[in-house]
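Survey of secondary and tertiary structure
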Amino acid sequence: MDFKYDVIVIGAGHAGCEAAAAAANMGSTTCLITMDMNKIGQMSCNPAVGGIAKGQIVREIDAMGGYMGLVTDRTAIQFRMLNRSKGPAMWSPRAQCDRGKFIWAWREVLENIPNLHIWQDTVEELTVENGEVTGAITTWGVTFHAKCVVLTAGTFLNGLMHIGPKKVAGGRMAEPASYHLTESITRHGITAGRMKTGTPVRIDGRSVHYDLMDTQDGENDFHRFSFMSEPRQLKQLQCWTCFTNEEVHEVLRKGLPESPLFNGQIQSIGPRYCPSIETKIVTFPDKPQHQLFLEPEGETTQELYLNGFSSSLPMDIQIEALKKIPAFKDLVVYRPGYAIEYDYFDPTQLKHTLESKIVKNLFFAGQVNGTTGYEEAGGQGLVAGINAHINCHGGEPFTLGRDEAYIGVLIDDLVTKGVDEPYRMFTSRAEYRILLRQDDADMRLTERSYRMGLAKKDRYEHLCSKREEIKRIVEFAQNFSIKAALINDTLESLDTARLTHGCKLIDLLNRPQISIENIAPHIPAFKNLLDSITDRKGEITEAAEVLIKYRGYIDRERMVAEKIHRLESIRIQGKFDYASLNSLSTEARQKLIKIDPETLAQASRIPGISPSDINVLLVLMGR
């Protein structure tokens, strides 16, 4: 072994796995370096993938040829489509997974990708020459040489765990932290900071009174994460819900002086949208209860995850409080919840490719960029891996626009706005979310990925077939005439108005009470068309129906996006000496110098840049 590679990926979490797989599948010789090969793709917190906006990211990863969706489907033990009561722009897939099987499914994927080698070790130092990364040195004294390095170290950089006053160094429970690497990076001028996250208690299911909880069943229809998966293979399990109460809150309040979050022991900022239970009772003092979700960790294990009870309080206080909940009166736990502090790097120092602006060919992805969540990490890892390959072998940089993918929104937010707390994706962050639905991620991204060399031919052919089937359904609905006398009794049974004269099928499908599923059995020609679809029928008919019912909204949003593209095409990087532009506000000059935006559109999204500042730049560009 000569330890020379095109791409080295440091860390085998969700970002690292996607980065290494992407670079290797595109043809780069790649090495994935991890502390523990038995923890590849480890789900540090909840063993669940997806959720609101996060599920869309996983569909996008899959559409481009990544693996998170495939691995999730192989190991899912409960699947749900969230937000079904809202419009399709809000529908978000989520799956509870078997934690152990998820790891081994990822290992099976990675160990069978040509060009990809895995090395078990800890990186302590990056080697940089003339402002360009050249490799890495490990704890065991191995020197790796590489054209590009992707850093995806998660919460391990100088990680410190907290349970009450007890502090233990580590990147995850029972796993060591990574030292020296942060310092080897910041010495080159890259800025680092500290963030905090946490995880809840794990419960022995044999001690739970399930009869005192409400059940939450999953769905077992055609929906899956991957556009290429077979039906789910594992046994589908229940989840359960319960609530805290005033007795629980009283125990927690008494313990607040010993909480690292409130006694000054933890100084860094935690995730706003996934707060600890002690933060909840302080922030919402008048709320008498908070909902908790009890979720299985695996298909056969007794270990359960208590979603909603993240905490860093002392262990005895966590247990005492939980025993005040009737379902947990005989509670036995495997381990308490804890908080963890770790290093991250300011993402405004990155290009949209996730390459450092300061050290050439060094890429950052995942929690080291200030994000939280497996899905956000996986999306960044995919983009970093693609661009690391491109930097090695040539080609145009790969970036995603805000109207192309949630991953594009995520990365643009990071590099343009930066972070002052762990970043989490929501549908509300995407101004074009009607265009970024979970059902059409393959329509948006697969062809582009295939032409770039990442998505494989079978995936592209599947897309072409699906696109043709959707087109057939839409065109049939546009052209097929419905006679009032033949359909009125059916319309009445579906609680919608009778026809006074004939119309096209598409006019009926635009009614809120009418769906393809409930109208097709009453229109033989339409039913025959649908019956001729032999593969992914549910997925195809749902996608066609969304296009039919929401076409006006989709077309309008696409027009708005195209207008904004005009600003995206105006490149300003390197065109101005912002410090000398007195016609800009002081804040605008400072922010523009720091971010150095590539386009006028990116400049317009920087906090503190006003419309008048953008107009000044437009006038100066004209001159």
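Keep in mind the model is a prediction, meaning the values are calculated, not measured. Within any chain, residue numbers begin from 1 and follow the written order of that chain's sequence. This being a predicted model, a pLDDT of at least 70 is required before a residue's local features are given, and a value of 80 or more before pairs of side-chain atoms are given or counted; all residues contribute to the totals for chains, interfaces and linings. Hydrogens and water molecules were not included; the side-chain quantities draw on all heavy atoms of the structure.

Moving on, we come to the nonpolar core. Buried Ala, Val, Leu, Ile, Met, Phe, Trp, Tyr and Cys residues form a nonpolar core when they are joined through side-chain atoms within 4.5 Å. For the exposure calls, accessible area comes from a 1.4 Å probe over protein chains only, and a residue counts as buried if that area is under 20% of its type's maximum, exposed if over 50%, partly exposed in between. Membership of the largest hydrophobic core comes to 107 residues, with the highest contact counts inside it found for W106, L110, L151, F364 and I407. Sorting elements by how many residues they give to this core places helix α9 (residues 374–393) first, with 9 residues. In this analysis, two residues are considered to be in contact whenever any of their non-hydrogen atoms come within 4.5 Å of each other. If near-sequence neighbours (up to four positions away) are discounted, F364 is found in contact with L151, I185, I190, F345, L350, L354, S356 and N369. Within the second largest apolar cluster, 29 residues are counted, among which are I470, I473, I482 and L509. Only DSSP runs of H or I reaching four residues or more are called helices, and only runs of E reaching two or more are called strands; each is numbered from the N terminus.

Positionally, I434 belongs in the loop between α10 (406–417) and α11 (441–452). We classify I434 as partly exposed; its relative accessible area is 23%. For I434 and Y550, which are 116 residues apart along the polypeptide, the C-alpha to C-alpha distance reads 8.8 Å. Each residue touching I434, except ones within four places of it in the same chain, is listed here: A89, Y553, I554 and E557.

Time to look at the side chain of R437. Its location among the elements puts R437 in the loop between α10 and α11. Judged by its relative accessible area of 3%, R437 is buried. Within 3.5 Å is the distance limit for a polar contact, defined as a pair of N or O atoms, with the added protein rule that one can donate a hydrogen and the other accept it, and that residues adjacent in sequence qualify only through two side-chain atoms. One polar contact links R437 to D439, side chain to side chain, over a distance of 2.9 Å.

Moving on to the pairing of strand β10 (residues 160–163). In terms of strand pairing, β10 meets strand β18 (residues 338–345) through 3 bridges, oriented antiparallel. Bridge assignment links L160 to a residue of β18, and that residue is E341. Whether two strands pair comes down to DSSP finding at least two bridges between them. Hairpin connection from β10 to strand β11 (residues 166–169): 2 residues lie between these consecutive antiparallel strands, with G164 at a positive phi of about 60 degrees.

The next subject is empty space enclosed by the protein. Of the grid points, spaced at 1 Å and generated over the protein atoms alone, those admitting a 1.4 Å probe that cannot get out make up cavities, while open sets with protein on both sides within 12 Å along at least five of seven lines make up pockets; any residue with an atom within 4 Å of a point is treated as lining. Grid points are joined across faces, edges and corners, and a volume is the space filled by probe spheres set on the points. For the structure shown, the criterion picks out 3 cavities of 30 Å³ or more. The wall of the largest cavity is formed by R59, F222, H223, R224, Q438, D439, K466, E539, E542 and A543. With 3 residues, helix α17 (residues 537–568) is the largest single contributor of residues to the lining of the largest cavity. Residues are grouped as follows: Ala, Val, Leu, Ile, Met, Phe, Trp, Tyr, Cys and Pro are nonpolar; Asp, Glu, Lys and Arg are charged; all remaining types, including Gly, are polar. Residues that form the lining of the largest cavity fall into these classes: 2 nonpolar, 2 polar and 6 charged.

Glancing now at the environment of E475. The topology assignment puts E475 in helix α12 (residues 457–479). Put simply, E475 and I325 are 150 residues apart on the chain and 56 Å apart in space, counted from C-alpha to C-alpha.

Salt bridges are defined as contacts in which a side-chain nitrogen from Lys or Arg sits within 4 Å of a carboxyl oxygen from Asp or Glu. The tally for this structure, following the rule as stated, stands at 48 salt bridges. With its nearest N and O atoms 3.4 Å apart, the salt bridge here joins E375 to K54. Taken together, the residues E375 in helix α9 and K54 in helix α2 (residues 54–63) connect sequence positions 321 residues apart. Each member of the pair, E375 as well as K54, carries the same accessibility label: buried. As a salt-bridge pair, E125 and R187 come within 3.6 Å of each other at their nearest N and O atoms. Placement of E125 in strand β7 (residues 123–129) and of R187 in the loop between α5 (181–186) and β12 (192–204) is noted, with a sequence separation of 62 residues between them. A relative accessible area of 32% places E125 in the partly exposed class. Counted as one network, the salt bridges with shared partners bring together R402, D412, D413, K417, E431, E568 and R605.

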